[in-house]
2 protein chains.
Amino acid sequence: MKFTIHRDHFVQSVQHVSKAISPRTTIPALTGIKIVASDEGVTLTGSDSDISIEAFIPKEDEELQLVEIIEEGSIVLQARFFADIVKKLPENTIEITVSDNYLTTLKSGSSEFNLNGLDPEEYPRLPEIEENNIFKVPTDLLKNIIRQTVFAVSTVETRPILTGVHWTLEDGLLACTATDSHRLAMRHAKVETNSGELEFSNVVIPGKSLNELNKILDEKDEWVEIIVTDNQILFKGKNILFFSRLLDGNYPATKNMIPTHSKTSVTLDTKKLTQAIERALLLSRDGKNNVVNLKAMESGEMEITSVTPEVGKVTEELDTINYTGEELRISFNGKNIIDALKVIDSTEVTIDFTGAMSPFVMKPTEHDNMLHLFSPVRTY
Amino acid sequence: MKFTIHRDHFVQSVQHVSKAISPRTTIPALTGIKIVASDEGVTLTGSDSDISIEAFIPKEDEELQLVEIIEEGSIVLQARFFADIVKKLPENTIEITVSDNYLTTLKSGSSEFNLNGLDPEEYPRLPEIEENNIFKVPTDLLKNIIRQTVFAVSTVETRPILTGVHWTLEDGLLACTATDSHRLAMRHAKVETNSGELEFSNVVIPGKSLNELNKILDEKDEWVEIIVTDNQILFKGKNILFFSRLLDGNYPATKNMIPTHSKTSVTLDTKKLTQAIERALLLSRDGKNNVVNLKAMESGEMEITSVTPEVGKVTEELDTINYTGEELRISFNGKNIIDALKVIDSTEVTIDFTGAMSPFVMKPTEHDNMLHLFSPVRTY
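Residues numbered from 1 in each chain as written. Chains lettered and ligands numbered in written order. Predicted model: local features only at pLDDT ≥ 70, side-chain atom pairs only at ≥ 80, totals over all residues. Heavy atoms only, no water.

1. Remarks on the relation of the copies chain A and chain B
Logical step 1: Superposition of chain A onto chain B requires a rotation of 180° combined with a translation of 0.0 Å along the rotation axis, giving an RMSD of 0.0 Å. In symmetry terms, the pair is related by a two-fold rotation axis. The position closest to the rotation axis in chain A is occupied by the C-alpha of A:K215, lying 16 Å away.
Logical step 2: A high fraction, 100%, of the interface residues of chain A reappear at the interface in chain B, so the copies pair face to face through one surface. (Least-squares fit on C-alpha atoms with pLDDT ≥ 70 in both. Contact = heavy atoms within 4.5 Å.)

2. Quick notes on the pattern of salt bridges
Logical step 1: One pass over the full model with this rule turns up 24 salt bridges over all chains.
Logical step 2: With a closest N to O distance of 3.6 Å, A:K238 and A:D61 form a salt bridge. Note that A:K238 is positioned in the loop between β19 (232-236) and β20 (240-245) and A:D61 in strand β5 (residues 60-61), a separation of 177 residues in sequence.
Logical step 3: Residue A:D61 is classed as partly exposed on the basis of its relative accessible area of 22%.
Logical step 4: A salt bridge links B:K87 to B:D84; its shortest N-O distance comes to 3.8 Å. With a gap of three residues between them, B:K87 and B:D84 both fall in helix α2 (residues 82-88), about one helical turn apart.
Logical step 5: We classify B:K87 as partly exposed; its relative accessible area is 45%.
Logical step 6: The structure contains a network of salt bridges with shared partners spanning A:D180, A:R183, A:K335 and A:D339. (Salt bridge = Lys/Arg side-chain N within 4 Å of Asp/Glu carboxyl O. Helix = DSSP H or I, 4+ residues; strand = E, 2+ residues; numbered from the N terminus. Buried < 20%, exposed > 50% of the residue type's maximum accessible area, 1.4 Å probe, protein only.)

3. Description of the sheet that holds strand β27 (residues 348-353) of chain B
Residue and element names in this part refer to chain B.
Logical step 1: Taken together, the nine strands give an open sheet; going across it, the order is β17-β13-β14-β15-β29-β28-β27-β21-β25, and neighbouring strands pair in antiparallel fashion. In the strand order of this sheet, the two ends are held by β17 (200-206) and β25 (322-325), each with one partner. Each neighbouring strand pair of the sheet contributes to a mean axis angle of 20°, computed without reference to strand direction.
Logical step 2: Bridge count for strand β28 (residues 360-364) against strand β29 (residues 370-374) is three bridges, and the pairing is antiparallel. Pairing of F360 across the sheet is with F374, part of β29.
Logical step 3: Against the sheet, helix α5 (residues 270-282) contacts β21 (264-269) and β27, and its axis sits at roughly 95° relative to β21. (Pairing = 2+ DSSP bridges. Axes fitted to C-alpha atoms, helices over the stretch in contact; angles between N-to-C directions.)

4. Quick look at a negative patch on the surface
Residue and element names in this part refer to chain A.
Logical step 1: Among the surface-exposed residues, E170, D171, E197 and E199 lie close enough to one another that they form a single negatively charged patch.
Logical step 2: Tracing the chain through its elements places E197 in the loop between β16 (192-193) and β17 (200-206).
Logical step 3: A relative accessible area of 72% places E197 in the exposed class. (Patch = residues over 30% accessible without salt bridge, like charges linked within 9 Å, V, L, I, M, F, W, Y side chains within 5 Å. Areas by Shrake-Rupley, 256 points an atom, 1.4 Å probe, with all protein chains shown as cover. Lys, Arg positive; Asp, Glu negative; His and termini not counted. Charge placed at Lys NZ, Arg CZ, Asp CG, Glu CD.)

5. Details of the interface of chain A and chain B
Logical step 1: The interface is formed by 29 residues belonging to chain A together with 29 residues belonging to chain B.
Logical step 2: Roughly 2700 Å² of surface becomes buried between chain A and chain B when both sides are summed, with 49% attributable to carbon and sulfur atoms.
Logical step 3: Summed over the shared surface of chain A and chain B, the number is zero salt bridges.
Logical step 4: Between chain A and chain B we count 18 residue pairs in polar contact (both at pLDDT 80 or more) in total.
Logical step 5: Sorting the residues of the side of chain A that touches chain B by element identifies α2 (82-88), β11 (111-118), α5 (270-282) and β24 (312-319) of chain A as the ones contributing at least two each.
Logical step 6: Split by residue class, the side of chain A that touches chain B holds eleven nonpolar, six polar and twelve charged.
Logical step 7: Where β11(A) and strand β24 (residues 312-319) of chain B come together, five bridges link them in antiparallel fashion. Bridge assignment links A:L115 to a residue of β24(B), and that residue is B:G312. (Buried area = accessible area lost by both parts, 1.4 Å probe. Polar contact = N/O pair within 3.5 Å; in protein donor to acceptor, adjacent residues only side chain to side chain. Nonpolar A, V, L, I, M, F, W, Y, C, P; charged D, E, K, R; others polar.)

6. Here's the deal with the domain arrangement of chain A
Residue and element names in this part refer to chain A.
Logical step 1: Here chain A is described as being made up of domain 1 (2-122), domain 2 (134-255) and domain 3 (258-374).
Logical step 2: Look at where the C-alpha atoms of domain 2 and domain 3 centre, and you get two points 28 Å apart.
Logical step 3: Taken together, the twelve residues of domain 2 in the interface contact 13 residues of domain 3.
Logical step 4: At the boundary of domain 2 with domain 3, total buried surface from both sides reaches about 1200 Å², with 49% on carbon and sulfur atoms.
Logical step 5: Counting every contact that joins domain 2 to domain 3 gives two salt bridges.
Logical step 6: Contributions of two or more residues to the side of domain 2 that touches domain 3 are made by α3 (139-149) and β15 (183-190).
Logical step 7: By residue number, the principal contributor to the side of domain 2 that touches domain 3 is β15, which donates six residues.
Logical step 8: Class assignment for the residues of the side of domain 2 that touches domain 3 results in four nonpolar, four polar and four charged. (Domains from an automatic or database assignment.)

7. Considering the side chain of B:S22
Residue and element names in this part refer to chain B.
Logical step 1: Mapped onto the elements, S22 comes out in the loop between α1 (7-18) and β2 (32-37).
Logical step 2: Accessibility expressed as a relative area gives 16% for S22, which makes it buried.
Logical step 3: For S22, the side chain forms a polar contact with the main-chain nitrogen of R24, separated by 3.0 Å.

8. Quick look at the sheet that holds β15(A)
All names here are of chain A.
Logical step 1: As summarised here, the arrangement of the nine strands in space is β17-β13-β14-β15-β29-β28-β27-β21-β25, forming an open sheet in which the pairing is antiparallel. In this open sheet, the two edge strands, each paired with only one partner strand, are β17 and β25 (322-325). Pairs of neighbouring strands in the sheet enclose a mean axial angle of 20°, with direction left out of account.
Logical step 2: One ladder, built from five bridges, connects strand β13 (residues 164-170) with strand β14 (residues 173-179); its direction is antiparallel. For H166, the partnering residue across the bridge sits in β14 and is T177.

Below you can see the structure in the form of structure tokens.
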């Protein structure tokens, strides 16, 4: 194998596929990046079995020559430091040559790296996925969907299914739900399917996969194609393929958990609410589990408080934009509310309470594609 | 005590004095910030006994009213979260009131914090320093002196004296030296003294103190006044006092360690040398102690190499700008060279070698106020 390649494109692709590689793998070949030089260009692959990422660098892009293939072939190179090595090479062009025993030479200007490669035949094959049932999502929307749900997944492994985000598709409407059993985030979006009948439920994508996908999604690509199978999901960008294993098991039914009535409803300025809770959290971070207390008064005023006996107390007064219903005192995890406020993308929010011991719902006022649900915290 | 204060000035002063405060102190009062409101303004103090920082906020600065004193007094408030609290208060003005039992109220807009204070009488007094022997250094020069020496102090406590930077003053020339016994950095600078006869030697300032000082030195202040006593040093800016304990013990004599002759002398481009060593380090970071090999050939070429058997080898060719003397092969800690190259502030550097097993000297070519000394590493 021998080719020359444009450094900056190579660096970016190496960084992308490196995101899938874990140093803790039992398959030696998976500690490396697989590089394949073919007539069309160069393909890089990184994988930890759960996530696999394939990046393609075509020979030409927008009339700029990116790759010159001198001899086709393939190699696996240790991923460790490889991204650093290619990033620090001195010239715009890198020449990569594989000789006997998988010995690989990278040359760029006055710099030469001789690296011990691995047999590419030992690299596991990527899952083969039939491309029958495709739907399409604009890249910026997909990034939003991920950002607005994945923060709410569980980070503890006691209920593994909750470490993923639950996706369903019905009548062209994609519904994405994440919950750690204390709070829940739900996001809806219309998507384009190649056949109106495409439907699925109980697709649970690991939160970790979605976080990595979000990092490498390039907003310059307008669309991402998505293909779901029984145990895999594939995201296809222009020059990138992102495969993720799906989580096994049944996602809990969350629809019935969402209260449909309200005893107290308040509309608030998102920024002011955020800042008041952030200040209250300053005195409840330590050993108080971020518990913040709220008192909604019929006068339309709200009071947010937090106490740590040895340090002190904070009291925040907050005007409501709209207030209907009963007076209320409730305590909750303030950090969970902040997490949701950060992604709600609305200058005002409405919170509907159904009582001091019942879950409550927060929604944006400017759009209706999102809903956040929170459990209260008992403080006695 | 009762006063109102301009938030941004208060935040900055709280951040400055917080740098001296350690949560691991045996004196409870030192976990707090001492606040004194007097007729002239507000003084804040933070200390961990080794370092003490005093910041003063005058009543007025450039015709802007910063403080309004309603009642003089003093209090000690827990430093933990205090910087966050004042930073996150909603309005430009903060009102601080101390009532019975040191209970302190911070009010700003709709936000109110009630904090448990401590008795200010229990706060240790700052060292009293006679201001006879003062010398002055421009702030930007002092920041450079610190940056260009402190990186070379020892970080291990086996020889505590080497964790400090050694300062001497003679004939108006300040000489600052730091070494961890593998590399040494020395910086000279002319300074202004109030009496031509001010001299000192064996002043060893903890590296940690200098790092903290560097963070809070404000380049808007043109000069820093420096006062040295037997066991303390005081740095005086416009509205800030920085006290540091000096290290006990005798600093090793370093003058004789610096070779005065040279067998091989090379002049190199700083940037190209830096990049070549950085690439070589990519293959010597792991378990190789950053060892890099250099071969200087009479042709005027240099070769920098590094090998990690299981990963591979890197070879860097480097042109010399000037080359005199014998051919040479030497190995050294590449990271130490990079540390020095980062602060040398010269586009070219000259390295004088006295043999493969002897220390070597690196100097900037564009000025002569600095010198770096390195021990070679045996590789067999």
